[in-house]
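One-letter residues, chain by chain:
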Amino acid sequence: MDTTNGSLNRKLRMALVGGGSGSFIGRVHATAAVLDNRAALVAGALSSDPVRAKSSAAGYDIPLDRAYASYQELIDSELAKPATERIDFLTIATPNHMHFPVAKAAVEAGFNVVCDKPMTFDLAQAEELQKLVEKSGVVFAVTHNYTGYPLVRQAREMVQNGELGEIQCIRSNYIQGWLRTRLESSDQKQAAWRTDPTRSGAAGCFGDIGTHAYNLGRYISGLLPKQISCHLRTFETGRALDDYGHAVIQFENGALGTVTASQVTHGRENDVTIEVDGTKGAIQWRQENPNELIVRRNGSAHQIYTRDPNAPYFLPLAKSSCRLPSGHPEAFFEAFANIYRAAFDAMILRIEGKSFETKNTIYPNVYDGVEGMYFIQQSVASSRENGAWLPLQHQAARK
Ligand SMILES: NC(=O)c1ccc[n+]([C@@H]2O[C@H](COP(=O)([O-])OP(=O)(O)OC[C@H]3O[C@@H](n4cnc5c(N)ncnc54)[C@H](O)[C@@H]3O)[C@@H](O)[C@H]2O)c1
């Protein structure tokens, strides 16, 4: 992966949709995208409220004439600018129900897109978006950001190299506790839309964080899913969507996986943990301690791989995903920036009229987004049928 914009010799111009004052992930995108000095945030439609959209711009140093009242105005106005000024890509950091309309408009206008997860509101929108992206030829990244951690990439490369043998079991958990009370009844911004089926989608907790856990298992193992059996629950009385769930996944090679997601576990913060068991070894990674990967083999002392780009065991993609020497902690922002870094490489190839990979990309892409939406749809459907086994392999799945 490149760390400069090479012969392009300029920064990529970014627009942000969402990220208005009081919001969460837009600020993370704006920070991660510029971490390597390869992009500049020049335009935004930062809020659903036109007044707040403009007033939030100062916090990002977006000039007032490019602080737009709506995403439609942003796209129309940017398209009208000369190519030398116009944005190169647009990041979507709105609640889920707004991902598709913004992404569709941006893709149809020919802009590259970085979209947060879950990619759309439902599977039909995701499948339509896949077709639009294929037709337009834009770069489309989805921020399943946990795949950007160096030691997650190390784990994936170890699986690919056969170091763990055949993969037989995957346990992937995302455990939070912040929705143990009905924060949504006090109109807490992030809780309000996440627990609202008209804005979140068919699932609550399973769409919000279960989909990250599922994606992580797919990314590290590379195994193709076959079937899913799922049980979702809403433990907080009066809440409209699930706040807890378990899924069992059968993979094509016979492996078994589980996804557990909770937003109601006292004291848990953003505990994304994955364990992958192979015939030759087992690994464990935890995002709350992201610079360590535990590798275990019966009869040998347990090994802790640290994020050390100079260590002989550190594999190429993991190595190129580091910015700092070992011991200086890298974490959430850097992992997010690694998604941007790979997407930028593709955007530059597109700008230069060169061909670029669209399916087996380093960054999660529109196909992974479709898979995520299929996972949500099938989880909800299986749970409604009391855990019935349903198909889980979408034709868009990476092989
Ligand atoms: N990848 C991750 O780790 C991660 C983490 C958190 C959230 N997310 C995802 O990011 C998205 C946003 O989550 P959040 O927690 O930041 O939500 P949030 O409620 O904190 O912020 C959403 C922002 O979008 C704005 N918005 C809403 N409709 C808009 C519109 N039509 N035009 C412009 N702006 C609009 C809101 O005004 C607000 O500023 C969600 O899809 C969520 O699932 C991803």
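Residues numbered from 1 in each chain as written. Predicted model: local features only at pLDDT ≥ 70, side-chain atom pairs only at ≥ 80, totals over all residues. Heavy atoms only, no water.

An unreviewed UniProt entry annotates the protein as Putative oxidoreductase YdgJ originating from Planctopirus ephydatiae.

S.K.: Help me understand the UniProt feature "domain: GFO/IDH/MocA-like oxidoreductase" (unreviewed entry) in the protein in this model?
M.R.: Following the UniProt record, one finds the feature "domain: GFO/IDH/MocA-like oxidoreductase" (unreviewed entry) at residues 152-283. Across residues 152-283 one finds 27% helix and 33% strand; the C-alpha atoms that close the span lie 10 Å apart. (UniProt positions renumbered as here; feature names shortened; annotations may be inferred. Helix = DSSP H or I, 4+ residues; strand = E, 2+ residues; numbered from the N terminus.)

S.K.: Help me understand the domain arrangement of the protein in this model?
M.R.: Frequently, the measure chosen for interface size is the accessible area removed from exposure when the parts meet. Domain annotation of the protein identifies domain 1 (6-146 + 344-364) and domain 2 (149-324 + 370-391). Its C-alpha centre places domain 1 at a distance of 26 Å from the equivalent point of domain 2. A buried area of about 2200 Å², summed over both sides, lies between domain 1 and domain 2, and 61% of it is on carbon and sulfur atoms. Area buried by domain 1 at its contact with domain 2 is led by Leu 123, His 144 and Tyr 146, which between them contribute 36% of it. Along the contact surface separating domain 1 from domain 2 lie two salt bridges. On inspection of domain 1 and its partner domain 2, the count reaches eight residue pairs in polar contact (both at pLDDT 80 or more). The element best represented in the side of domain 1 that touches domain 2 is helix α5 (residues 123-136), accounting for four residues. (Domains from an automatic or database assignment. Buried area = accessible area lost by both parts, 1.4 Å probe. Salt bridge = Lys/Arg side-chain N within 4 Å of Asp/Glu carboxyl O. Polar contact = N/O pair within 3.5 Å; in protein donor to acceptor, adjacent residues only side chain to side chain.)

S.K.: Explain the layout of surface pockets here, please?
M.R.: To find leftover empty space, one rolls a probe the size of a water molecule over the atoms. A volume near 1100 Å³ is recorded for the largest pocket. Together, 49 residues line the largest pocket, and Ala 93, Thr 94, Pro 95, Trp 193 and Arg 194 are the ones closest to its centre. Mapped by element, the contributors of at least two residues to the lining of the largest pocket are β1 (12-18), α1 (25-33), α4 (99-108), α7 (189-194), α9 (205-221) and α11 (332-351). Per-element accounting of the lining of the largest pocket gives the leading share, five residues, to α7. In terms of residue class, the lining of the largest pocket is built from 19 nonpolar, 20 polar and 10 charged. Each of domain 1 (6-146 + 344-364) and domain 2 (149-324 + 370-391) contributes no fewer than three residues to the lining of the largest pocket. Looking at the second largest pocket, it is lined by 20 residues, and the ones nearest its centre are Arg 156, Arg 218, Tyr 219, Asp 368 and Arg 398. Of all the secondary-structure elements, those providing two or more residues to the lining of the second largest pocket are α6 (150-160), α9 and α12 (366-384). In terms of residue count, α9 provides more of the lining of the second largest pocket than any other element does, six residues in total. (1 Å grid on protein atoms, 1.4 Å probe; cavity = no way out; pocket = protein on both sides within 12 Å on 5 of 7 lines; lining within 4 Å. Points joined across faces, edges and corners; volume = space filled by probe spheres on them. Nonpolar A, V, L, I, M, F, W, Y, C, P; charged D, E, K, R; others polar.)

S.K.: Explain the sheet that holds strand β7 (residues 225-233) here, please?
M.R.: Pairing between the strands of a sheet comes from backbone hydrogen bonds, and it takes one of two forms, parallel or antiparallel. Taken in spatial order, the nine strands make up an open sheet running β13-β12-β11-β10-β6-β9-β8-β7-β14, and their pairing is mixed. Looking at which strands have only one partner, the edges of the open sheet turn out to be β13 (303-306) and β14 (390-391). Alignment of β7 against strand β8 (residues 244-251), held across eight bridges, turns out to be antiparallel. The residue bridging Cys 230 from the neighbouring strand is Ala 247, located in β8. (Pairing = 2+ DSSP bridges.)

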